[in-house]
Amino acid sequence: FYDISAKHEEFSNKGKDLFIQFSVKHEQTIDCGGGYIKLVPADALDDQKNFKGGEKETKYNIMFGPDICGYSTKKVHFILHNKGTNHLIKSDIPCETDEFTHIYTGALYPDNTFKVFVDGEEKKSGTIPDNWDILPPKKINDPSQSKPADWVDEKMIDDPEDKKPEGWDDISAEIVDPEAEKPDDWDDDLDGEWEAPKVPNPEYKGPWQPKKIDNPAYKGPWVHPQIDNPDYKDDTELYAFDSFKYIGIDIWQVKSGSIFSHFTLADSWDDVKGDIELVNTFREGQKAKKDEEEKARQASEEKTKAEESEDEDEDE
């Protein structure tokens, strides 16, 4: 487990856009571990040294960033805290899994919408109510209604006119192998009476079942009538938090080696786009350097093989 935090000037994002941005580079070719950050309110810490994760993790407003573990988890977390509960975004947003530097941007807007960008490319957007289960549903099943006892939802039924053919049950599943012969060295006194092995009967068709026909009484799937949920209350400020005071990294990794940088909290896209361009350019340089190193490695291997082949020829 790794945790670290930093204090910044306290602010609220009410009535403002909020952009959360940072870069992360998994130099260790990560196979299982987090790469996300947490935004913490002022009242969550009486001492910054007490910032921590795990079962007694520090309360946070937002958790955002990539998480990778095996083949099943390769996504960008976007968790919003509301009334004592941390709510995960309902859809999986793909993250990058290579060893290059990538920059992640999460945005919350005053119209209760959001966006997620990876390397400046939009990966997900929509409304907060539609993408997080923070609010109760607008509609619920009418508790006074239930499926009628005589409702028929069986689409197909056995054909009452279909009859089992005579002799169907007389056909056994196995028969004596007609090609089997008693071994020449079989001794009835020592080995007992010889019995030919059995083989599947090609005439056997399995248990008889009547064919199916459309049920004339079928009414279709019963749909539970719905009513307005009396517990539903709209909240136009799901995006907003009264206080942001700390930014923290609280992660678990099987192999360490992740490098975090380019931390930015802003209320304007103009304040974050510069780092996106910078990191994208830097990443292209990283890729070019790796390509050069790979070419050099292949050339070295080919040279070594050639030298070994020459040595073998001289020995001969």
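The model shown is predicted, which means the values in this text are computed figures rather than measured ones.

Asker: When you look at the side chain of Ser-258 in this model, what are you seeing that I'm missing?
Answerer: Take Ser-258: it is sitting in strand E18 (residues 258-266). A distance of 2.6 Å separates polar atoms of two side chains, one belonging to Ser-258 and the other to His-26. Non-local contacts of Ser-258, meaning those with residues more than four positions away in its chain, are made with Val-24, Lys-25, His-26, Gln-28, Ile-30 and Gln-253.

Asker: Can you walk me through the state of the cysteines in this structure?
Answerer: Think of a disulfide as a covalent bridge from one cysteine sulfur atom to another cysteine sulfur atom. This model, assessed by the stated rule, comprises one disulfide. Here Cys-32 is linked by a disulfide to Cys-69, with a sulfur-sulfur distance of 2.0 Å. Handedness here is read from the sign of the S-S torsion; for Cys-32 and Cys-69, about -80°, the answer is left-handed. Within this pair, whereas Cys-32 is found in strand E3 (residues 32-34), its partner Cys-69 is found in strand E5 (residues 62-69), the two being separated by 37 residues in sequence. Its relative accessible area of 10% is what places Cys-32 among the buried residues. A disulfide-free cysteine, Cys-95 has its sulfur positioned 11 Å from the sulfur of Cys-69, the nearest such atom.

Asker: Sorry, what's going on with the environment of Ile-62 here?
Answerer: In this fold, Ile-62 is placed in strand E5. In this structure Ile-62 comes out as buried when scored by relative accessible area, which is 0%. Each C-alpha atom, one on Ile-62 and one on Glu-9, is 17 Å from the other, the two residues being 53 residues apart in sequence. Ignoring any residue separated from it by four or fewer positions in sequence, one finds Ile-62 in contact with Leu-18, Ile-20, Ile-37, Lys-38, Leu-39, Phe-78, Ile-79, Leu-80, Leu-108, Phe-241 and Phe-244.

Asker: Explain the sheet that holds strand E8 (residues 101-109) here, please?
Answerer: Strand pairing in a sheet relies on backbone hydrogen bonds, with the paired strands running either antiparallel or parallel. The sheet built from five strands is open, its strands ordered E10-E9-E8-E2-E18 with antiparallel pairing. Here the strands that pair on one side only, and so sit at the sheet edges, are strand E10 (121-127) and E18. Shown here is a sheet whose adjacent strand axes are inclined to one another by a mean of 10°, direction ignored. Bridging between strand E2 (residues 18-26) and E8 involves eight bridges; their strand directions are antiparallel. Across the sheet, residue Ser-23 finds its bridge partner in E8, namely Ile-103.

Asker: What should I look at first to understand the pairing of E5 in this one?
Answerer: Every regular strand shows the same layout, with side chains that alternate between the two sheet faces. With seven of eight residues buried, E5 lies mostly within the body of the structure. With three bridges connecting them, E3 and E5 associate as antiparallel partners. The residue bridging Gly-33 from the neighbouring strand is Ile-68, located in E5. Direction of pairing for E5 relative to strand E6 (residues 73-82): antiparallel, over a ladder of eight bridges. Across the sheet, the residue bridging to Phe-64 is Phe-78, located in E6. Counted along the chain from E5 to the antiparallel partner E6, the turn is three residues long, and its residue Gly-70 has a positive phi close to 65°.

Asker: Could you clarify how one ought to interpret unusual backbone geometry in this entry?
Answerer: Where the residue is not glycine, phi is negative for most of them; where a peptide bond is considered, it is trans in most cases. Even without glycine at this site, Lys-83 takes up a positive phi of about 50°. Inspection of the secondary structure puts Lys-83 in the loop between E6 and strand E7 (85-88). Lys-83 sits in the exposed class, given a relative accessible area of 77%. A positive phi angle, near 55°, is found at His-262, a position not held by glycine. With respect to the element layout, His-262 can be found in strand E18. Of the residues examined, His-262 reaches a relative accessible area of 24% and is grouped as partly exposed.

Asker: It is not clear to me how the pattern of salt bridges should be interpreted in this structure. Could you clarify?
Answerer: When their charged atoms lie close together, side chains carrying opposite charge are able to pair. Following the criterion strictly, the structure yields 20 salt bridges and no others. Of the charged contacts, one joins Lys-14 and Asp-242 as a salt bridge, the two residues approaching to 3.0 Å between their closest N and O atoms. You can see Lys-14 sitting in the loop between strand E1 (2-11) and E2 and its partner Asp-242 sitting in the loop between strand E16 (226-228) and strand E17 (244-251), a full 228 residues away along the chain. The shortest N-O distance in the salt bridge between Asp-250 and Lys-38 comes to 2.5 Å. Within this pair, whereas Asp-250 is found in strand E17, its partner Lys-38 is found in strand E4 (residues 37-40), the two being separated by 212 residues in sequence. Accessibility classification places Asp-250 together with Lys-38 in one group, the buried group.

Asker: When you look at the layout of surface pockets in this model, what are you seeing that I'm missing?
Answerer: Any space left empty among the atoms is revealed by the rolling of a water-sized probe across them. Estimates place the volume of the largest pocket at around 350 Å³. For the largest pocket, the lining is made up of 16 residues, of which His-81, Asn-82, Ala-240, Phe-241 and Asp-242 are closest to its centre. Here the lining of the largest pocket is built from residues that sort into four nonpolar, five polar and seven charged. Its residues assigned to classes, the lining of the second largest pocket shows three nonpolar, three polar and five charged.

Rules and cut-offs
Residues numbered from 1 in each chain as written. Predicted model: local features only at pLDDT ≥ 70, side-chain atom pairs only at ≥ 80, totals over all residues. Heavy atoms only, no water. Helix = DSSP H or I, 4+ residues; strand = E, 2+ residues; numbered from the N terminus. Polar contact = N/O pair within 3.5 Å; in protein donor to acceptor, adjacent residues only side chain to side chain. Contact = heavy atoms within 4.5 Å. Disulfide = S-S within 2.5 Å. Buried < 20%, exposed > 50% of the residue type's maximum accessible area, 1.4 Å probe, protein only. Pairing = 2+ DSSP bridges. Axes fitted to C-alpha atoms, helices over the stretch in contact; angles between N-to-C directions. Salt bridge = Lys/Arg side-chain N within 4 Å of Asp/Glu carboxyl O. 1 Å grid on protein atoms, 1.4 Å probe; cavity = no way out; pocket = protein on both sides within 12 Å on 5 of 7 lines; lining within 4 Å. Points joined across faces, edges and corners; volume = space filled by probe spheres on them. Nonpolar A, V, L, I, M, F, W, Y, C, P; charged D, E, K, R; others polar.

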